[in-house]
Amino acid sequence: MEVSNIQNFDLDAKNIAIYNSLVQNTKYYWTDYDLLPEYLQQRFEDYNRYVHAFAGYVKRRVQENKDLIFCLFPKIIETVSLYLRGKISQSYKSMETALESVNDLLFQKSTRRPTSGVEFGFKARIQNDKEELFSRTDMFHIPFEKRHLVKDQRYSIHGVPSIYLGKSIYDCYLELGKPPLDTFWVSLFIFTQDKNDVLSPQHLRLADLTFADKSHDIPLILNSVKNDDVEYKHTLDRLVDDILLWPLIMACSIVCKHPEASFKQEYIIPQMVYQFCNHTNGFSGIRYYSTKVGGIDRGKIRNAMINLALPAQDVKRSGFCPRLAGHLALTEPINVRKCDYVQIDAKYGWTPNGIPIVSRLNSDLQQNETVVALDKMSSYFDHLMTKFIKQHDLNLLQPLYGWKEERVDK
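The following refers to the structure shown. (Residues numbered from 1 in each chain as written. Predicted model: local features only at pLDDT ≥ 70, side-chain atom pairs only at ≥ 80, totals over all residues. Heavy atoms only, no water.)

1. Focus on the overall build of the protein
What counts is decided by this rule: Secondary structure elements are defined from DSSP: runs of H or I of at least 4 residues count as helices, runs of E of at least 2 residues count as strands, and each element is numbered from the N terminus. Only protein chains enter the accessibility calculation, which uses a 1.4 Å probe; a residue whose area is less than 20% of its type maximum is buried, one above 50% is exposed, and one in between is partly exposed. Contacts are assigned to residue pairs with any non-hydrogen atoms lying within 4.5 Å of each other. Per-residue and other accessible areas were derived by the Shrake-Rupley procedure at a 1.4 Å probe size, with only the shown protein chains allowed to occlude residues.
Counting its regular elements, the protein contains 14 helices and seven strands. Put simply, the protein has 410 residues, and 52% of those count as buried. The long-range fraction of contacts in the protein, counting pairs at least 24 apart against all pairs at least 6 apart in sequence, stands at 75%. In the form shown here, the protein has an accessible surface area of approximately 19,300 Å², with 49% of it arising from carbon and sulfur atoms.

2. Examining the side chain of Gln271
Note the following rule: Nitrogen and oxygen atoms within 3.5 Å of one another constitute a polar contact, given that in protein one can donate a hydrogen and the other can accept it, and given that sequence-neighbouring residues count only through two side-chain atoms.
Along the chain, Gln271 falls in helix α10 (residues 268-276). Within polar-contact distance, the side chain of Gln271 engages the backbone oxygen of Gln153 at 2.8 Å. With near-sequence residues (within four places) excluded, Gln271 lies in contact with Asp152, Gln153, Arg154, Ser156 and Ile157.

3. Topic: helix α5 (residues 88-101)
The line we're drawing: Working rule for helices: expected span equals 1.5 Å times residues minus one. Arc definition: directions from the helix axis to the C-beta atoms.
The first and last C-alpha atoms of α5 sit 20 Å apart over 14 residues, in line with the 20 Å expected at 1.5 Å per residue. Here α5 has its buried residues at Ser91, Ser94, Met95, Ala98 and Leu99. Along α5, the residues classed as buried sweep out an arc of 135° about the axis, all on the same side. Opposite its buried face, α5 presents the exposed residues Ser89, Lys93 and Glu100, each directed more than 90 degrees away.

4. With respect to the nonpolar core
For the record, the criterion: Among buried residues, the Ala, Val, Leu, Ile, Met, Phe, Trp, Tyr and Cys ones that are joined through side-chain atoms within 4.5 Å form a nonpolar core.
One finds Leu40, Met95, Leu209, Trp246, Leu248, Ile269 and Val273 to be the most contacted residues of the largest nonpolar core, which totals 60 residues. In contact with Met95, not counting residues within four places along its chain, are Ile76, Thr79, Leu248, Ile269, Met272 and Val273. Of all hydrophobic cores here, the second largest spans 37 residues; its members include Val186, Met305, Cys339 and Phe381.

Structural data, given as structure tokens:
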């Protein structure tokens with residue numbers, strides 16, 4: 001390796017270590033503060049210290065965008081402060097300014113998501129004693145005629161139906177509060193709109209608010225060793241983008257101080273990001289990490305704990321959003337009882353089609369009967385996905401309204 005490459009390697013190692021430390025050492029709880037703006041101000045000061053520590057190309061690129069940094073974080077703090085003072089309209093305008101400043105970065109990060117293969121998610125529901133068995137329509141968003149039932153969540157607001165998907169069934173299980181398995185029903189959703197080409201790359205565009213913890217290390221090393229200057233620079237630019245987006249990602253990842261409260265300050269910023277996703281800026285939803293898992297588990301299964309929030313785009317008097325219904329194919333929901341005899345097929349913690357198998361990703365969960373039962377469900381859905389892709393079996397995975405060219409909007 002040439003001297004210059006060795007120097008680059010040392011700089012890369014330093015920058016990656018700084019970024020990983022920023023992600024890992026951030027306090028996502030704010031129990032020591034009275035109000036959220038105080039917590040955010042402290043995080044802003046911490047972030048600035050990290051920003052000044054970067055070196056080489058990364059530091060230059062970050063410094064070139066310092067105006068963005070000094071717009072984004074202060075605007076986030078201002079947004080929360082205005083909201084808490086009851087100035088909701090001014091609050092949203094402040095957040096709109098912040099989001100417009102990073103819209104191009106969000107777009108770039110979104111375009112780096114896979115554009116081929118199958119993109120999928122799981123939707124789960126809990127059955128109560130009064131409900132009949134669920135159907136596919138029960139697993140979609142709450143129909144418009146029942147929008148009075150829609151509560152606010154981290155990425156939703158009262159009265160606006162949304163579809164929430166998890167990257168793994170275990171993710172869905174934790175999000176629903178670890179319900180009894182005999183009440184836990186799951187459907188597989190696949191992003192596709194063309195029955196003649198189920199691998200069509202025409203995905204819904206999602207604002208990606210996941211943080212890239214430890215994901216830059218290997219690409220930088222490989223591209224440096226291969227002397228691939230183009231890909232090497234692209235990898236550095238992706239690291240820079242993640243650094244610049246960190247204030248927004250962090251502000252949307254704060255764990256609730258009072259999880260049972262009617263009002264949660266931690267939801268102010270995520271809900272405004274949610275409202276920002278519409279046809280105007282080209283985003284159809286949000287991709288983010290679950291906050292339901294922490295400690296050592298978080299690092300081991302982080303990539304299995306990704307959620308998707310897809311707000312209804314086209315509002316109707318009744319029924320479902322035709323845009324979502326035309327892009328998402330889904331299965332009938334199943335219960336764990338259907339998967340008792342399914343064999344788990346996984347290599348390095350993933351099924352052949354890329355579904356996470358949590359009991360293989362985290363050795364501490366290998367003997368957990370609940371986790372194993374959920375992983376059997378994952379393998380069952382993996383078999384359905386294979387039939388869908390390779391055998392073109394369209395009977396088990398279909399959109400609610402039929403395929404895009406056949407559907408009738410309600």
